[in-house]
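Listed below are the residues making up each chain.
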Amino acid sequence: MSQTQREEIDDLPPSAKLVFKVLEYKGSLTQKEIVDESMLSARTVRYALERLEDIGVVEENIYFADARQNLYDITVQTDAEAECCADA
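Summary of the structure given here. Everything numeric in this text was worked out from a predicted model, so none of it was measured.

Criteria and cut-off values
- Along each chain, numbering runs from 1 in the same order as the chain's sequence is written.
- Local features in this predicted model are restricted to residues whose pLDDT is 70 or higher, and side-chain atom pairs enter the listing and the counts only when it is 80 or higher, whereas totals over whole chains, interfaces and linings include all residues.
- The side-chain figures draw on all heavy atoms in the structure; neither hydrogens nor water molecules are used.
- Counting from the N terminus, the helices are DSSP H or I runs at least four residues long and the strands are E runs at least two residues long.
- Accessibility here uses a 1.4 Å probe with only protein chains present; expressed as a share of the type maximum, an area under 20% marks a residue as buried, one over 50% as exposed, and anything in between as partly exposed.
- The contact criterion used throughout is that any non-hydrogen atoms of two residues lie within 4.5 Å.
- Here, the term nonpolar core denotes a set of buried Ala, Val, Leu, Ile, Met, Phe, Trp, Tyr and Cys residues that are joined through side-chain atoms within 4.5 Å.
- Two N or O atoms form a polar contact when they lie within 3.5 Å of each other; inside protein one atom must be a possible hydrogen donor and the other a possible acceptor, and for residues adjacent in sequence the pair counts only when both atoms belong to side chains.

**A word on the overall build of the protein**
No. 1: Within the protein one finds five helices and three strands.
No. 2: Counting helices and strands in the order they occur from the N terminus, the protein gives α-α-β-α-α-β-β-α.
No. 3: For the protein, with 88 residues in total, the buried portion stands at 30%.
No. 4: Contacts in the protein between residues at least 24 apart in sequence constitute 47% of all its contacts with a sequence separation of at least 6.

**Quick look at the nonpolar core**
No. 1: By size, the foremost hydrophobic cluster in this structure holds 19 residues, and its most contacted members are Val19, Leu23, Ile34, Val45, Leu49, Leu52 and Val58.
No. 2: For this core, the secondary-structure elements that each account for two or more residues are α2 (14-26), α3 (31-38), α4 (42-54) and β3 (70-74).

**Side note on the environment of Thr75**
No. 1: Here Thr75 lies in the loop between β3 and α5 (79-87).
No. 2: When its relative accessible area of 36% is taken as the criterion, Thr75 is described as partly exposed.
No. 3: Along the chain, Thr75 and Val58 lie 17 residues apart, while their C-alpha atoms are 5.2 Å from each other.
No. 4: The contacts of Thr75, once residues within four sequence positions are left out, are Gly56, Val57, Val58 and Glu59.
No. 5: At a separation of 2.7 Å, a polar atom in the side chain of Thr75 contacts the main-chain carbonyl oxygen of Gly56.

Put into structure tokens, the structure is as follows:
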């Protein structure tokens, strides 16, 4: 993750930081799964995802198991992933 992206995440509200951390630990999730994991309201999760998408650290994909839902995932490499790939 670039320093700029890290600073942009630091400037986000706590709810957006929590959603980012949930995605970081759990991987790709639907909005409903994020609501369940974070214990935030659906509206708060929607707002947090919008903010994270605006700065380009989360992307929205089609959830093929249920096309009515979207799947959200982190678009940037975490520090642990960067270290893992650098060793290879």
